[in-house]
There are 2 protein chains.
Amino acid sequence: MKSRNGSDLWAFFEPRSVAVFGSLKDGMGLGYVLIKNMLDFGFTGRLYPVNPSHNEVLGMKAYPIVNEVADPVDLAVVITPPPTVPTIIEQCAQKGVKAAVIVSENFADAGGEGAKLQQQLVDITTRSGIRIMGPNTVGVFNAANGFTTIPYPFGYDKIRRGGIAYCSQTGVVLPQCQPLEDRAFPISKMCDVGNKCDVNEVDLLNYLADDAETRVVAMHLEDVKDGRSFMDAARKFAARKPLLIFKPARSEAGARASASHTGSLAVNDRIYDTAIRQTGAIRVNTWQEYWDIPKVFAYQALSTGNRVAIISHSGGAGVVATDSAVESGLAIARYSDATLDKLAKLSPRLAGNPIDLGPPLSLTDDPMSLQEEVIATVLDDANVDCATIVLYVGTMAPISYIVEMFDRLLKRVSKPMTVWFYGTSLALVEEVSRQLEGLGVPTYTDQETAVKSLGALVRYSRFKSGLEGTTI
Amino acid sequence: MKSRNGSDLWAFFEPRSVAVFGSLKDGMGLGYVLIKNMLDFGFTGRLYPVNPSHNEVLGMKAYPIVNEVADPVDLAVVITPPPTVPTIIEQCAQKGVKAAVIVSENFADAGGEGAKLQQQLVDITTRSGIRIMGPNTVGVFNAANGFTTIPYPFGYDKIRRGGIAYCSQTGVVLPQCQPLEDRAFPISKMCDVGNKCDVNEVDLLNYLADDAETRVVAMHLEDVKDGRSFMDAARKFAARKPLLIFKPARSEAGARASASHTGSLAVNDRIYDTAIRQTGAIRVNTWQEYWDIPKVFAYQALSTGNRVAIISHSGGAGVVATDSAVESGLAIARYSDATLDKLAKLSPRLAGNPIDLGPPLSLTDDPMSLQEEVIATVLDDANVDCATIVLYVGTMAPISYIVEMFDRLLKRVSKPMTVWFYGTSLALVEEVSRQLEGLGVPTYTDQETAVKSLGALVRYSRFKSGLEGTTI
């Protein structure tokens, strides 16, 4: 299958026409919910429900069998009992369908008969060339065109379009399980590769390397099908765009658990660790890092160096940020004499790094202006490469003031920064975070990850400039 | 100052009468806001505003000077410019006030003149015996009686009463900066010791060891005033109740930052690490661990062993939990043959540990009952000491079903457990978490901390049983 854009997975993410195999029971059938999800998210490709028990669903004609669809079909989405799946895929291949997402589970993941059925799928893809994602996957979501293969209710209807592709080997990472509207992650594409009977992490990396929407990939992997191919693909990908890898099943028990989850085999974790590092990818180790660290790459340019300014409403938080910065490979910036002079003029309690804004703000009648001047002054310093900022939001510092301040600041300074908000209301913290990311400034739900993200940015910036023969 | 309950800080947390020194400007003055906060949280002790510019505030008589208060005063709260503070404290000492919280900043934290003023405070406390908390502190909050010394708006009016005392060397940890209503942490007392010119972490540990409301202490410390006394106090405390210590300023740069934040000196971090371990306390390393790990001690009994059952709606999350469990010192429980038989009867896809509920639940018409039986069966197994559970909440699993299920489960099983919810709505995740903690089951905002918390529980349970000569 050759792509319209030079790589070979386009039919999974940008199909022009889709056949849906599954229950069309009104409001509940998985095929019905899937079609509804596509319509809700604005997918405008042609849809062909295939189910012999229905003539019509959601105002669309339903077909008893895929052969009866007259038009060409790019993609099949299959959510039917496992024993029915090989025949359906065979019929799709005969019809010339380019690719299929098999959502149904109980294949290699269940062992026994399921494993045999999966082998039949492998035989069909090998013989016919139809590409298969899954089985045992919820498949894909594409924020650019609203296309999805997820047959479960989302519970919300907005996903912010942006530069992060989240890939995984588990469905829990996809929109039907995650607060993507509340957190407003800037997403290009999402994908769960499931049992990987055909399409795997290597295909995804090759496809996403060419995907103009994707600036960074965060990849959850429980195992790798072919180590050498993966290393090659990861190396090529990381030379172009940042690649973050969350590889659980680190422990022996975790690897055993993974084997029963996805039918995959264990490899000593240290081998993964070394391999990931060699490719230029960055390993992350928790769900929180997997979700949050990519934001710095989606929103910020690379960093020209590792000298960080730490600016905080809380002295205690400034100390914690300093530890995190050092542990993430950042250097605590030493401000120039000119900057120190300017800061001293702004307030006698301003000196050094981290900057504790608490005392100076309590001594002035115009804390918002002082705060803005301090941030601008520090980021103007040639000795500073990036900044992490900790701010209170709440009754004493309303959202509108904060967002307007950053709007002005971003016209004055352009170095990478990350922000962590704290306050008495989770709703306010979430709202100001969403609004700030609307301006292109990444925000974090915990302070340590806000700092670690800058560490990851600097590390990748160094790797990239090393490839390009420049220094950082 | 001898206490009513055998230790010596009662006047800070349980004063019968309080003099407030600070601006009484309507709605804005820090003294005014403080008094309002105490009234809002239901403090019923006697209040004496002291300010020569006002005759009355919030319906109370204001006094020009503390001497004019006829009744005895247990505690003074001082929020006035630094140069005025020594005289106020002197007058309080003469009046026989037992203790003072000095909220004002710009003392040793500012150096120079501020450091001299702080020395005057030290001289007064030494000479007169009046106990001083601070300066440069927001002081205390006591969930049992609504008493607080915090002069900033809270933005909410409910704090769940419970067993955790959060102590810190920074104000950012106190209620005016944290979503304590939204997260519903079960709190006994909170305290920021600030510059520690008198009251310090040792006093707090001694006091809280005897405090019937407090089951566990989480202590944020940037430095320790007297290492030997601290070790003694921590050892004595940990022999009675769990003690979690968050000691930032781990890095050299962090220690320098701390020195300018609180005027304290740096000590090599490895010394702290060894010392903390020797006392039986448990070190935590992030804000999230500081806030969340204590919940397992507040809500659960100690564990009789380290064999954990992992039950999850997501196979991917089960693998991550397995890694976290192993890395936290837990052993993955091996179910008895009887349990494995029961599980196999419940569903052919149930076996092993972690349990991935996904496939079995998709194969049954009554997922809620199956889920309940699986959890009860596993926790009944004599080979299982504790459990960590990962559940989806949302349109497909409403809050009421989940809470009712745990209500029934808690009548059948009593082993320690932690729960992590995921879903598409942050509000739903927060709501089900609050409700489940209402039943006494600790919940977590991230999966890894839910598992680490069980690790901490097991570690402390072992330490405690070692002291008592039992084995675990």
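Chains are numbered independently. Their residues run from 1 in the order of the written sequence. Lettering for chains starts from A, numbering for ligands starts from 1, and both go in the order in which the items are written. This being a predicted model, a pLDDT of at least 70 is required before a residue's local features are given, and a value of 80 or more before pairs of side-chain atoms are given or counted; all residues contribute to the totals for chains, interfaces and linings. Note: side-chain values were computed over all heavy atoms of the structure, leaving out hydrogens and water.

1. Overview of the interface of chain B and chain A
Move 1: Only heavy atoms enter the contact rule, under which two residues are in contact if any of them lie within 4.5 Å. In this assembly, 65 residues from chain B lie in contact with 65 residues from chain A.
Move 2: Carbon and sulfur atoms supply 58% of the area buried between chain B and chain A, which totals about 4600 Å² over both sides.
Move 3: Throughout, the accessible surface (probe 1.4 Å) given up by two parts as they are put together, summed over both, is called the buried area. On the chain B side of the interface with chain A, the three residues burying the most area are B:Trp287, B:Thr424 and B:Leu426, jointly 14% of the side's total.
Move 4: We define a salt bridge as a side-chain nitrogen of Lys or Arg found within 4 Å of a carboxyl oxygen belonging to Asp or Glu. The tally of links from chain B across to chain A stands at 5 salt bridges.
Move 5: For A:Arg250, the salt bridge is made with B:Asp323, and the minimal N-O distance between the two is 4.0 Å.
Move 6: Whenever a nitrogen or oxygen atom comes within 3.5 Å of another N or O atom, the pair is scored as a polar contact, on the condition that within protein one atom can donate a hydrogen and the other can accept it, and that pairs from neighbouring residues in sequence are kept only if both atoms are in side chains. On inspection of chain B and its partner chain A, the count reaches 25 residue pairs in polar contact (both at pLDDT 80 or more).
Move 7: Those elements that provide at least two residues to the side of chain B that touches chain A are α5 (180–183), α8 (252–262), α10 (287–292), α12 (315–327), α14 (358–362), β19 (417–422), α17 (426–438) and α18 (447–467) of chain B.
Move 8: Secondary structure elements follow DSSP: runs of H or I of four or more residues count as helices, runs of E of two or more count as strands, with numbering from the N terminus. Sorting elements by how many residues they give to the side of chain B that touches chain A places α12(B) first, with 9 residues.

2. As for the sheet that holds strand β5 (residues 75–79) of chain A
Residue and element names in this part refer to chain A.
Move 1: Strand order in the open sheet made by the 5 strands is β2-β1-β5-β6-β7, with parallel pairing throughout. In the strand order of this sheet, the two ends are held by β2 (46–50) and β7 (131–133), each with one partner. Sheet twist, expressed as the average angle between the axes of neighbouring strands with direction ignored, equals 20 degrees.
Move 2: When DSSP finds at least two bridges between two strands, those strands are taken to pair. The pairing of β5 with strand β6 (residues 99–102) spans 4 bridges and is classified as parallel. What sits directly across from Val-78, in β6, is Ile-102. Lines fitted to the C-alpha atoms define the axes, with helices restricted to the stretch that makes contact. Angles between their N-to-C directions range from 0 to 180 degrees.

3. Description of the environment of B:Gly27
All names here are of chain B.
Move 1: By the element assignment, Gly-27 lies in the loop between β1 (17–22) and α2 (30–40).
Move 2: Judged by relative accessible area, which is 47%, Gly-27 ranks as partly exposed.
Move 3: In this structure the C-alpha to C-alpha distance between Gly-27 and Thr-418, which are 391 residues apart in sequence, comes to 42 Å.
Move 4: In contact with Gly-27, other than residues within four places in its own chain, are Tyr-32 and Val-33. Relative accessibility decides the category of a residue: with a 1.4 Å probe and only protein chains considered, values under 20% of the type maximum give buried, values over 50% give exposed, and everything between is partly exposed.

4. Section: the nonpolar core
Move 1: By size, the foremost hydrophobic cluster in this structure holds 178 residues, and its most contacted members are A:Tyr166, A:Phe297, A:Phe406, B:Tyr166, B:Phe297 and B:Phe406.
Move 2: Among all residues touching A:Phe297, those that are not within four sequence positions of it are A:Arg215, A:Val216, A:Pro242, A:Leu244, A:Ile282, A:Ala456, A:Leu457 and A:Tyr460. The set of buried Ala, Val, Leu, Ile, Met, Phe, Trp, Tyr and Cys residues whose side-chain atoms join them within 4.5 Å is what this entry labels a nonpolar core.

5. Observations concerning the pairing of strand β10 (residues 161–168) of chain B
All names here are of chain B.
Move 1: With 7 of 8 residues buried, β10 is to be regarded as a mostly interior element.
Move 2: Note: β10 against strand β11 (residues 187–192), 5 bridges, orientation parallel. Looking at β11, one finds that Tyr-166 is bridged to Met-190.
Move 3: Inspection of the sheet shows β10 paired to strand β12 (residues 216–220) by 4 bridges, in the parallel sense. Considered in β12, the bridge of Ala-165 is made with Val-217.

6. Focus: the pairing of β6(A)
Residue and element names in this part refer to chain A.
Move 1: Where burial is concerned, the two faces of β6 agree: the one with Ala-99 and Val-101 and the one with Ala-100 and Ile-102 are both buried.
Move 2: A right-handed crossover is one whose linking path, passing over the helix from the first strand to the second, runs clockwise when the strands point away from the viewer. Each parallel crossover has a hand, and for β5 linked through helix α3 (residues 85–95) to β6 it is right-handed.
Move 3: Relative to β7, β6 runs parallel, the two being bridged by 3 bridges. Residue pairing in the sheet places Val-101 in a bridge with Met-133 of β7.
Move 4: Note that the unit made of β6, helix α4 (residues 112–128) and β7 has a crossover that is right-handed.

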